Structure formats: structure tokens, C-alpha cells
Amino acid sequence: MTLTEQIDANVQFANWLKQTELKISPKDLYLVLGRAAGKTTDFAAERSQDIIHDMPGAFFAWAADTYLNAQKNVVPSLIEGWQSMGWKEGIHFVVDQRPPSNFKDPYKRVINWKHTITTWNGCHFKIVSMDRPSGGAGDSYQHIFGDETKYLEKKKIDKLIPAIRGEYPRFGHSVYYRGRTFTTDMPNIAHGEHDWILDMAKQVDPHQIELILQAAEHLNCLRIIYFTIKEAEKAGGKFRLEDQDWPEHLITLYIDLEKTGPIVKVLEKQIAEWEGYWKQIRKNSVFFYVASSFINANILTLDFFKDSLSSLGWHEFKTSVLSIRSNINKGDSFYPNLTPDHLFKNGIAYAHYDKFGLKDPLIENCLGLRFCDTKKP
């Protein structure tokens, strides 16, 4: 009996884009995805787990447009994604507090544990609000994350980029060292949103991405054969090629490998070699992709798209669900080009928001405004 016969179910752990992204696992990742595509809970959550495992003890910056948005939306979505992948708060990570004694220490001392997330292996996330980018620029990080980049101004992100540095001898082995992970849905410039992420497509080397995918595909085939054999041994049976419902290329690969020596030892050696090739070719890689919400169509169902079209209208549906870039007439560009530089600055009372941790109940109100006279109606 084959494994496919033993498990009478259609098991799918990720959509096609997620599988592609996992095969590439680039240094820099830029994704523009439609609503409900799992930008934070799926893509960013699992990628951050991979980076945490690859660089234990490292420091990471998580950029958000405001601390309020980070607390209410970004961090809860990230934690939801981690928990859906098996992580538990208090065991794998803690929020806003000094970690327990059984957690490993970050590679450098942490002065303030507020507005941070720390993992069991010493990785330390600092939430950096882009309304105060200077708060993160003085530190050093090994990777930077950012969600909903349509709300992040490029000039402010650029001020944070030089902080991605330090500890090359400790972390330079990792493909993700000094890397970036940014996700968003399609920016709508008619609403004043920032579309700089679309320029990142120019940084992609298609030939490099093709080589990475080829290496990943071969490595995946080797692992399929290896784990199928090990699973048969674990079940107390004997592996037989004729029992496997494999495609032709897997059968051919198995026969070729079996000719070179004991199959398990050959596979272990080949897997180790190809893991090295795959890692080497991923160095300094950049992957950019735009996808609609239809990548999750089998989960969202047709009713989601019908309801979204009805409630959003065609123009907003095109942008936020189909991920089609918006265009505006020249005469309509006044408000999108009206930037904070044209208005008064420093209108936020930071002392008010600094009193709250990531898990404290926080409601945005007039107490957070510097220029609001609370004695007047």
C-alpha cells in the first residue's frame, strides 16, 4: 500500500504562490497581494519563522506607519500566524516583557522590553513607528520587516535602511542577513498611498530566480524520495518502487541514484550537496511579485469576491482585490500629492502612546494629539 493510498485526502498546505516563495526564500522579498491573501498571517509569519531559525539571537526591526496600527493590526496578525503554525506565547515567544530565564539571550543587551517581541532562541523584534523613524535608526538590525507598505513613506524607510547592519561574523552565514521583507496590497495613489514598492521589480534578476527554482525543485525531489523510503522503513515494510504513484521524472531520478550505491546514503549525500547549492544561489536574491486575492480562491469562495465587488465598487475592487495598479487624471492629483511637508508637523503626543504596551487596550482619541485643546468643545 502506498502513502497516497493510506491517506485518503487532498492535503494542501499552501497556495501556489506561497509554495513558490518558499522554494525561492530570497534575501529580499516584496509582495503586493490582494485582500485576504494572508500577507501577514501566512507569508510574513512563516518567513519570519524561517529567519528566526536561521539567525538565532538576531535583532529585527518591524516597521509600521504608526505604533497604534502596529498594536491593533500588525502584531496581532503576526501572532495569529505564528500560533496557527504551532507556536505558543510564553513558550516560543513573549510580547512586551523580559523573557523567562530558559529563553536564550539576544546577541546584545536589551535596555527596554516594551514594544518588543522576543523568541525562545534570543531573536528580538523591535516595533519601529514610521511617524518617529529616528527611534529605530540609532540601533542595528539583521533584517527588516514591514507590513502595509502603502502607508510607509519611502524617505522614512530609507532612514531606517542604514540600521540593517552589524555582526557579520555571527550572522553573515544566513541568506537573510541584511535582508528585507515587505508586503502590502496594491497602493492606490488616488488615496495618497505610497507605491514605491512597485519599483522593487527592477531589482529582480530573473535568471537567478530561475536557477533558484531549478535547484529547489531538484532538492525537493530528492527529499520526496528520501522521506518516502524512511517512512516505509518506519512502518516496518520494505520500500518498493513499483508501489509508488510517482511521476516519470521521480522514477527516473530514483533509478539513476540507485545505480551509484546504497540509496539512503546516496540520498543523504545528494541532499546535503544540493542544500548547499540552493543556499549559495540564493545569496543577494530579490523576489517581487504581484498577485490578486484569487490565489486563495478555494478558501475564500466565490461569495467573498461577489460581496467585495458589491461593497467596494469596481474601481476599488480592481485595486484592492485584483491588484491592478490605479491611475488618476492629472487634475485629480492634488490631494494625493498633498504630503505632511505641506502641513504642520509633530502633531502626535508621543508621551501618551508610550504608556501603552503592545498588549494593552489602546483607543485612539484626542489625548494623543499635541495641538488639541481638550478644554474646548
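Let us look at the structure shown here. (Residues numbered from 1 in each chain as written. Predicted model: local features only at pLDDT ≥ 70, side-chain atom pairs only at ≥ 80, totals over all residues. Heavy atoms only, no water.)

Examining the pattern of salt bridges
To be explicit about the condition: Salt bridge, as used here: a side-chain nitrogen of Lys or Arg that lies within 4 Å of a carboxyl oxygen of Asp or Glu. By definition, any uninterrupted DSSP run of H or I lasting at least four residues is a helix, any uninterrupted run of E lasting at least two residues is a strand, and each is numbered from the N terminus. Accessible area is worked out with a 1.4 Å probe on protein chains only. A residue is then buried under 20% of its type maximum, exposed over 50%, and partly exposed in between.
Under the counting rule described, the total for this entry stands at 15 salt bridges. Lys-23 is paired through a salt bridge with Glu-217; the nearest N and O atoms lie 2.8 Å apart. Of this pair, Lys-23 sits in helix H2 (residues 16-24) while Glu-217 is found in helix H8 (residues 206-234), placing the two residues 194 residues apart along the sequence. Notably, a salt bridge pairs Glu-193 with Lys-150, separated by 3.8 Å at the nearest N-O pair. Taken together, the residues span a long stretch of sequence, with Glu-193 in the loop between strand S7 (179-184) and H8 and Lys-150 in the loop between strand S6 (143-147) and helix H6 (154-160) at a distance of 43 residues. Note on accessibility: Glu-193 and Lys-150 belong to one class, buried. Here the salt bridges share partners, and the residues they tie into one network are Lys-18, Asp-42 and Glu-46.

Some points on the sheet that holds strand S1 (residues 28-33)
Worth spelling out the cut-off: Between any two strands, at least two bridges found by DSSP are needed for them to pair. Note on geometry: axes are lines fitted to C-alpha atoms, helical ones only across the stretch in contact, with angles between N-to-C directions running from 0 to 180 degrees. Should any heavy atoms of two residues lie within 4.5 Å, those residues are counted as being in contact.
With respect to topology, eight strands assemble into an open sheet ordered S3-S4-S5-S2-S6-S7-S1-S8, the strand pairing being mixed. Each end of this open sheet is capped by a strand with a single partner; those strands are strand S3 (93-95) and strand S8 (286-291). Pairs of neighbouring strands in the sheet enclose a mean axial angle of 15°, with direction left out of account. Its contacts with the sheet place helix H3 (residues 39-54) against S1, strand S2 (59-64), strand S4 (116-119), strand S5 (124-129), S6 and S7, and it is angled at close to 175° to S6.

Remarks on the packing of aromatic side chains
The line we're drawing: Ring pairs are drawn from Phe, Tyr and Trp, using the six-membered ring of Trp, whenever the two centres fall within 6.5 Å, and their geometry is named by plane angle: stacked under 30 degrees, edge-to-face over 60, tilted for the rest. Here, a charge over a ring is recorded when the distance from Lys NZ or Arg CZ to the ring centre is within 6 Å and its angle to the ring normal is within 35 degrees.
Overall, the coordinates contain 24 aromatic pairs when judged by the stated rule. Between Trp-62 and Phe-125, the ring centres sit 6.3 Å apart and the planes meet at 45°, which makes this aromatic pair tilted. Taken together, the positions of Trp-62 in strand S2 and Phe-125 in strand S5 put the pair 63 residues apart, joining distant regions of the chain. The two residues Trp-62 and Phe-125 agree in class, both being buried. Through a chain of ring-to-ring contacts, three or more aromatic side chains come together here, namely Phe-60, Trp-62, Trp-82, Trp-87, Phe-93, Trp-120, Phe-125 and Phe-145. Residue placement shows Lys-108 over the ring face of Phe-59; its charged tip is 4.6 Å from the ring centre. Lys-154 extends its terminal NZ or CZ atom over the ring of Trp-196, reaching a point 5.9 Å from the ring centre.

Observations regarding the packing of H8 against helix H9 (residues 248-258)
Rule in force here: An angle below 35 degrees is read as roughly parallel, one above 145 as roughly antiparallel, one from 65 to 115 as roughly perpendicular, and any other as oblique.
Look at H8 against H9: their axes get within 11 Å of each other, and the N-to-C directions meet at 75°. Relative to H9, H8 is oriented roughly perpendicular. Where H8 abuts H9, its residues His-218, Cys-221, Leu-222, Ile-224, Ile-225 and Ile-229 lie against His-249, Leu-250, Leu-253, Tyr-254 and Leu-257.

Remarks on a nonpolar patch on the surface
Applicable threshold: Nonpolar side chains (Val, Leu, Ile, Met, Phe, Trp, Tyr) within 5 Å and like charges within 9 Å form the patches, drawn only from residues with over 30% relative accessible area and no salt bridge. Using a 1.4 Å probe, the Shrake-Rupley method yields the accessible areas, and only the shown protein chains count as cover for residues.
There is a patch of nonpolar side chains on the surface, built from Leu-338, Leu-343, Phe-344 and Phe-371 and spanning about 460 Å² of accessible area. With respect to the element layout, Phe-344 can be found in the loop between helix H12 (314-320) and helix H13 (350-354).

Some words on the packing of H2 against H8
Stated formally: By the convention adopted, Pro, Cys, Tyr, Trp, Phe, Met, Ile, Leu, Val and Ala count as nonpolar, Lys, Arg, Asp and Glu as charged, and the other residues, Gly among them, as polar.
Orientation of H2 relative to H8, taken along the N-to-C sense of each, is 95°, at an axis distance of 8 Å. When the axes of H2 and H8 are compared, the pair comes out roughly perpendicular. Between H2, through Thr-20, Lys-23 and Ile-24, and H8, the contact on the second element is made entirely by Ile-209, Ile-212, Leu-213, Ala-216 and Glu-217. Partitioning the contact of H2 with H8 into residue classes produces five nonpolar, one polar and two charged.

Description of the nonpolar core
To keep things clear, this is the line we draw: Only buried residues count toward a nonpolar core. Its members are Ala, Val, Leu, Ile, Met, Phe, Trp, Tyr and Cys residues joined through side-chain atoms within 4.5 Å.
In this structure, Phe-60, Trp-82 and Ile-117 are the most contacted members of the largest nonpolar core, which totals 54 residues. Broken down by element, this core gets its largest block of residues, seven residues, from helix H4 (residues 67-84). Phe-60 has contacts with Ile-51, Ile-52, Met-55, Cys-123, His-124, Phe-125, Lys-126, Tyr-141, His-143 and Phe-145, leaving out every residue within four places of it along the chain. In terms of nonpolar packing, the next biggest core, distinct from the first, is built from 34 residues, Leu-17, Ile-24, Ile-229 and Tyr-254 among them.

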